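Chain by chain, the residues run as shown.
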Amino acid sequence: MIKNLSASIADFYVQKNIISSDEKEVYQWGVSLVLNDIVTFSLVLLLSALLSYIRFGAEYLIVFCLTRIY
């Protein structure tokens, strides 16, 4: 599903002349990474909200993001 959505977004960028067709695969991969992160963060926040631990979910995501930066 994410692969198809990222391919559609990359195709849209090519049609609108935002990127060239040579760069399509790179953008498709990048969009796929962003979409995966959005899904992961949403799931963590949703589960922590359902379990009434939204604070811990937010703290986890902050530490996770900071760890990935460094």
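Residues numbered from 1 in each chain as written. Predicted model: local features only at pLDDT ≥ 70, side-chain atom pairs only at ≥ 80, totals over all residues. Heavy atoms only, no water.

J.: What is the right way to look at the packing of helix 1 (residues 2-15) against helix 2 (residues 24-50) in this model?
T.: The angle between the axes and the distance between the axes are what describe a pair of packed helices. One can describe the packing of helix 1 onto helix 2 by two numbers: an axis separation of 8 Å at closest approach and a directional angle of 135°. Here helix 2 runs oblique to helix 1, going by the angle between their axes. In this structure, helix 1 meets helix 2 at a crossing whose hand is right-handed. Residues Ile 2, Lys 3, Leu 5, Ser 6, Ala 7, Ile 9, Ala 10, Asp 11, Tyr 13 and Val 14 of helix 1 form the contact with helix 2, whose own contacting residues are Lys 24, Tyr 27, Gln 28, Val 31, Ser 32, Leu 35, Asn 36 and Val 39. For the contact of helix 1 with helix 2, the per-class residue count stands at 11 nonpolar, 4 polar and 3 charged. (Axes fitted to C-alpha atoms, helices over the stretch in contact; angles between N-to-C directions. Helix = DSSP H or I, 4+ residues; strand = E, 2+ residues; numbered from the N terminus. Parallel < 35°, antiparallel > 145°, perpendicular 65-115°, else oblique. Left-handed = near helix turned anticlockwise from the far one by under 90°. Contact = heavy atoms within 4.5 Å. Nonpolar A, V, L, I, M, F, W, Y, C, P; charged D, E, K, R; others polar.)

J.: Hey, could you run me through the environment of Ser 48 in this one?
T.: Turning to its location among the elements, Ser 48 is positioned in helix 2. Among the residues examined, Ser 48 registers a relative accessible area of 8% and is labelled buried. Once the C-alpha coordinates of Ser 48 and Ile 62 are considered, the two residues, 14 residues apart in sequence, prove to be 14 Å apart. The residues contacting Ser 48, other than those within four sequence positions of it, are Tyr 53, Ile 54 and Gly 57. (Buried < 20%, exposed > 50% of the residue type's maximum accessible area, 1.4 Å probe, protein only.)

J.: Hey, could you run me through the packing of aromatic side chains in this one?
T.: One pair of aromatic rings is described through two measures. These are the centre distance and the angle between the planes. Counted by the stated rule, this structure contains 4 aromatic pairs. When the ring of Phe 12 is compared with that of Tyr 13, the centres are 6.3 Å apart and the planes differ by 50°; the resulting orientation is tilted. Between the aromatic rings of Tyr 60 and Phe 64, the centroid separation amounts to 5.9 Å while the plane-to-plane angle is 15°, which identifies the pairing as stacked. Of this pair, Tyr 60 and Phe 64 both sit in helix 3 (residues 54-69), separated by 4 residues, roughly a single helical turn. Take Phe 64: its relative accessible area is 29%, and that puts it in the partly exposed class. Every member of this aromatic cluster is reached through a ring pair, and the members are Phe 12, Tyr 13 and Tyr 27. (Phe/Tyr/Trp six-rings, centres within 6.5 Å; stacked < 30°, edge-to-face > 60°.)

J.: How should the pattern of salt bridges be read in this particular structure?
T.: Where charged atoms from two side chains of opposite charge approach closely, those side chains can pair. This structure, assessed with the given rule, holds 3 salt bridges. The residue Lys 24 makes a salt bridge to Asp 11 at a minimum N-O spacing of 2.4 Å. Here Asp 11 lies in helix 1 and Lys 24 lies in helix 2, a separation of 13 residues in the sequence. Here Lys 24 falls in the partly exposed class, since its relative accessible area comes to 26%. (Salt bridge = Lys/Arg side-chain N within 4 Å of Asp/Glu carboxyl O.)

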